[in-house]
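# Understanding the architecture of this molecule
Here are the chains, one letter per residue:
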Amino acid sequence: MTDRPIARTRDEALVYLDLNPCACGSMDTEWDSGVVSVEGALAKCYSGACEDCGAAREYLFSLPTREVMPAGWPTFGGAEPSELLDAGEWMWLADLTAGNVPDDPENARRALSMARAAVEEVLKFIPEGQDDVPAAAFWSARGREVHAAEPPRFRRDRLTVVRDTYRDLAGR
């Protein structure tokens, strides 16, 4: 058995791939995906060639124990927190997306839906009965930086207000 992180859904895997560009710095890769057998275990493989430098790129992810059925767009995962992105990276994604909402109503709705779903992912890191995202939920440099900039943003009450605001704006 390997220690590959679990990609709960295609949407989650694609966000992860976008946040991990090629060594040349480009994020432009057309990904092919499929289930493969690696060391006797099934894995989801994403592969492609960098469109800028031509380098071969490949990522292997473990499969979730239970398949997550899409419930609208985007669907990042079930009730469990992500193993691919930490709480700070999800918040960074929400900030980036909500800060760049297009004028066109359909694309604005999609951007705000993405921001809402990213905040929902942050909330999944808060253990039942607690109010804050724990320090262990920030393992990436980007995630720790986002958290360090404003730790109170990672309180359940604030996250809930932000999530609900994005949901309401997307519904307009």
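Let us look at the structure shown here. This is a predicted model, so every value here is computed, not measured.

## Observations regarding the overall build of the protein chain
A tally of helices and strands in the protein chain yields 5 helices and 3 strands. Counting from the amino terminus, the protein chain carries its helices and strands in the arrangement α-β-β-β-α-α-α-α. Radius of gyration (C-alpha) of the protein chain: 17 Å, near the 16 Å computed for a compact globule of 172 residues. Across the 172 residues of the protein chain, 40% fall into the buried class.

## Section: the pairing of strand β2 (residues 41-49)
Pairing geometry for strand β1 (residues 32-38) and β2, over 7 bridges, is antiparallel. The residue bridging Val36 from the neighbouring strand is Ala43, located in β2. Turn length for the β1-β2 hairpin, with the two strands adjacent in sequence and antiparallel, is 2 residues, and the turn residue Glu39 shows positive phi of about 55 degrees. Bridge count between β2 and strand β3 (residues 56-62): 7 bridges; the pairing is antiparallel. Note on β3: the bridge partner recorded for Lys44 is Phe61.

## Describing helix α3 (residues 105-123)
When the terminal C-alpha atoms of α3 are compared, their 27 Å separation across 19 residues agrees well with the 27 Å that a helix rising 1.5 Å per residue should span. N-cap assignment for α3: the residue whose side-chain oxygen lies 3.1 Å from the backbone N of Glu106 is Asp104.

## Quick word on the environment of Tyr59
The residue Tyr59 is located in strand β3 in this model. In sequence terms Tyr59 and Arg4 are 55 residues apart; their C-alpha atoms lie 9.6 Å from each other. Residue contacts for Tyr59: discarding those within four places in its chain leaves Tyr16, Leu17, Asn20, Trp31, Lys44, Cys45 and Tyr46. Among the polar contacts listed, one links the side chain of Tyr59 to the side chain of Arg57, at a separation of 3.4 Å.

## Observations concerning the pattern of salt bridges
Summed over all chains, the structure comprises 12 salt bridges. Residue Arg155 is joined to Asp157 by a salt bridge in which the shortest nitrogen-to-oxygen separation is 3.8 Å. Here Arg167 ties to Asp164 by a salt bridge, and the two come within 3.2 Å at their closest N and O atoms. Separated by 3 residues within a single helix, Arg167 and Asp164 lie in helix α5 (residues 156-171), roughly one turn from each other. Connected through salt bridges with shared partners, the residues Arg8, Glu12, Glu121 and Lys124 form a single ionic network.

## Topic: the sheet that holds β1
Taken in spatial order, the 3 strands make up an open sheet running β1-β2-β3, and their pairing is antiparallel. Either end of the sheet is taken by a strand with one partner, and the two such strands are β1 and β3. Between one strand axis and the next, the sheet turns through 30 degrees on average, direction left out of account. Sitting on the sheet, helix α1 (residues 10-19) is in contact with β2 and β3, with an inclination near 140 degrees to β3.

## Some points on the packing of helix α2 (residues 87-98) against helix α4 (residues 141-149)
A pair of packed helices can be characterised by two numbers: the angle between their axes and the separation between those axes. In the contact formed by α2 and α4, the axes pass within 7 Å of each other and the chain directions differ by 75 degrees. When the interaxial angle is binned, α2 and α4 end up roughly perpendicular. Across the interface between the two elements, Gly88, Glu89, Met91 and Trp92 of α2 pack against Arg142, Gly143 and Val146 of α4.

## What about unusual backbone geometry?
Residue Pro74 follows Trp73 across a cis peptide bond; omega there is -10 degrees. The residue Pro74 is located in the loop between β3 and α2 in this model. Of note, the phi angle at Glu39 is positive, near 55 degrees, even though the residue is not glycine. If you trace the backbone, Glu39 turns up in the loop between β1 and β2. Its relative accessible area of 66% is what places Glu39 among the exposed residues.

What counts and what doesn't
- Residues numbered from 1 in each chain as written.
- Predicted model: local features only at pLDDT ≥ 70, side-chain atom pairs only at ≥ 80, totals over all residues.
- Heavy atoms only, no water.
- Helix = DSSP H or I, 4+ residues; strand = E, 2+ residues; numbered from the N terminus.
- Rg over C-alpha atoms; globule rule 2.2 N^0.38 Å.
- Buried < 20%, exposed > 50% of the residue type's maximum accessible area, 1.4 Å probe, protein only.
- Pairing = 2+ DSSP bridges.
- Expected span 1.5 Å × (residues − 1).
- Polar contact = N/O pair within 3.5 Å; in protein donor to acceptor, adjacent residues only side chain to side chain.
- Contact = heavy atoms within 4.5 Å.
- Salt bridge = Lys/Arg side-chain N within 4 Å of Asp/Glu carboxyl O.
- Axes fitted to C-alpha atoms, helices over the stretch in contact; angles between N-to-C directions.
- Parallel < 35°, antiparallel > 145°, perpendicular 65-115°, else oblique.

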